[in-house]
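# Observations on the model geometry
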Amino acid sequence: MKSAQKYLKKLDVLFLILFPVLGVVLSIIFSLNFLTSTLLFFGVPSLWFSMRKKSVILKTVLFSALWSIPLTLFADYIGTISGAWLVPTTIFPFRLFGVMPIEDFIWSFLVAYSIIIFYEHFLDKGADKLVGKRTKYLLWFWIILIIIFFAILIIRPEFLTIKYAYFYLGLVFILLPAITFLSSFPRMLSKYVKTGSYFFLLMILYELTGLHLNQWQFPNRGFFVGWVDLLGYRFP
């Protein structure tokens, strides 16, 4: 039994390395679209680690949806109409509000799911209680924010076009929540760094692959605070 567990743990580490490499190689060789690349980079690993941690699948699905769907709804709308990013082609016959490709919702859900299932499998000790106590507050936060979003969309839609949207969306929905979380739970810093380090590298590979295949663009070049130049590719 112990030898089998040891073998599976080694397999986990191997797959952590192998899945991103396969994502890059297969995406480029077959010129895959945005959705298929997303499934390779995030869907396949999520499937493997879900099989390894079956007891948390339902909770992880619900929590990932609770985070990703409302966040994508207004962040992606604001980012797209403000020119912060653009997905030029979609395999679906329509875009939500005529603006957002359905792939963006699938992408955000799978990214959230893969991060959470990674944490649950490798690092979780008592996260059930941590998540459960605060889910209702998160739900109310999203409900209020969605109501405000739709009110602005109906009454003054021009307010949703924001200069430097890439910066402000990252500040409000990534940096500030991270600082708040780590301030409230400083003991989780090491776990946060471990998870963040792996997904930082994964997202860099995914970003470069997507830019190489023109899966997305950054059209409003005058409204970014800076650029990263890496291996001949540029992104904000």
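The following paragraphs examine the structure supplied in this document.

Per the counting criterion, the structure on display carries one cavity of 30 Å³ or more. Of the voids in this model, the largest cavity is the one considered here, and its volume is about 80 Å³. Forming the walls of the largest cavity are Leu16, Phe41, Pro45, Ser46, Phe49, Ser114, Ile117, Phe118, Tyr198, Phe199 and Leu202. Mapped by element, the contributors of at least two residues to the lining of the largest cavity are α2 (34–52), α4 (102–122) and α7 (189–212). If one sorts the elements of the lining of the largest cavity by residue count, α2 sits on top with four residues. A per-class count over the lining of the largest cavity returns nine nonpolar, two polar and no charged.

Moving on, we get to the environment of Met51. Examined against the element boundaries, Met51 turns out to sit in helix α2. Between the C-alpha atom of Met51 and that of Val61, which follows or precedes it by 10 residues, the distance is 13 Å.

This part takes up the packing of aromatic side chains. Going through the model one piece at a time under the given rule, you end up with 30 aromatic pairs. For the pair Phe118 and Phe122, a centre-to-centre distance of 5.0 Å together with 45 degrees between the ring planes defines the contact as tilted. In this pair, Phe118 and Phe122 are both assigned in helix α4, four residues apart and thus about one turn of the helix distant. Classification of Phe118 as buried rests on a relative accessible area of 8%. Between the aromatic rings of Tyr206 and Trp216, the centroid separation amounts to 5.2 Å while the plane-to-plane angle is 45 degrees, which identifies the pairing as tilted.

Here helix α3 (residues 57–81) contains 25 residues, and its C-alpha end-to-end distance of 34 Å stays within 8% of the 36 Å for a straight helix at 1.5 Å per residue. Approximately 35 degrees is the largest bend angle found in α3, and it occurs at Thr72. Downstream of α3 by one or two residues, Gly83 has phi in the positive range, about 80 degrees.

So, on to the environment of Trp107. Looking at the element boundaries, Trp107 is found in helix α4. Sequence spacing of Trp107 and Ser68 is 39 residues, and the spatial spacing of their C-alpha atoms is 9.0 Å.

Running from N to C, α2 and α7 cross one another at 160 degrees; their axes reach a closest spacing of 11 Å. Comparing their axes, α7 and α2 come out roughly antiparallel. In this structure, α2 meets α7 at a crossing whose hand is right-handed. Each of Phe34, Ser37, Thr38, Phe41 and Phe42 in α2 lies in contact with α7, whose residues at this interface are Leu202, Met203, Leu205, Tyr206 and Thr209. Taken together, the residues that form the contact of α2 with α7 break down as seven nonpolar, three polar and no charged.

Core analysis: the largest hydrophobic core is formed by 47 residues, its most contacted members being Phe42, Tyr77, Phe149, Leu169, Trp216 and Phe218. Here this core takes eight residues from α4, the largest share from any one element. Residue contacts for Trp216: discarding those within four places in its chain leaves Phe34, Leu86, Val87, Pro88, Tyr206, Glu207, Gly210 and Leu211.

Relative to the elements of secondary structure, His121 occurs in helix α4. At 2.7 Å, the side chain of His121 forms a polar contact with the side chain of Asp12. In this view, His121 contacts Asp12, Phe49, Arg52 and Lys53; residues no more than four positions away in its chain are not counted.

Once that is clear, we can look at the side chain of Gln215. Residue placement: Gln215 occurs in the loop between α7 and β1 (228–230). Of the polar contacts made by the side chain of Gln215, one reaches the backbone oxygen of Asn33; its length is 3.3 Å. The residues touching Gln215, leaving out its near neighbours within four places in the chain, are Leu32, Asn33, Phe34, Ser37, Val87, Pro88 and Gly210.

Once that is clear, we can look at α7. For α7, built from 24 residues, the straight-helix expectation of 34 Å at 1.5 Å per residue is met to within 8% by its first-to-last C-alpha distance of 34 Å. Restricting attention to buried positions, one finds in α7 the residues Thr195, Phe199, Leu202, Ile204, Tyr206, Glu207, Leu208, Thr209, Gly210 and Leu211. Following α7 by one or two positions, Asn214 has its phi on the positive side, about 55 degrees.

Cut-offs used in this document
Residues numbered from 1 in each chain as written. Predicted model: local features only at pLDDT ≥ 70, side-chain atom pairs only at ≥ 80, totals over all residues. Heavy atoms only, no water. 1 Å grid on protein atoms, 1.4 Å probe; cavity = no way out; pocket = protein on both sides within 12 Å on 5 of 7 lines; lining within 4 Å. Points joined across faces, edges and corners; volume = space filled by probe spheres on them. Helix = DSSP H or I, 4+ residues; strand = E, 2+ residues; numbered from the N terminus. Nonpolar A, V, L, I, M, F, W, Y, C, P; charged D, E, K, R; others polar. Phe/Tyr/Trp six-rings, centres within 6.5 Å; stacked < 30°, edge-to-face > 60°. Buried < 20%, exposed > 50% of the residue type's maximum accessible area, 1.4 Å probe, protein only. Expected span 1.5 Å × (residues − 1). Bend = angle between axes of the 7 residues up to and from the residue. Axes fitted to C-alpha atoms, helices over the stretch in contact; angles between N-to-C directions. Parallel < 35°, antiparallel > 145°, perpendicular 65-115°, else oblique. Left-handed = near helix turned anticlockwise from the far one by under 90°. Contact = heavy atoms within 4.5 Å. Core = buried A, V, L, I, M, F, W, Y, C linked by side-chain atoms within 4.5 Å. Polar contact = N/O pair within 3.5 Å; in protein donor to acceptor, adjacent residues only side chain to side chain.

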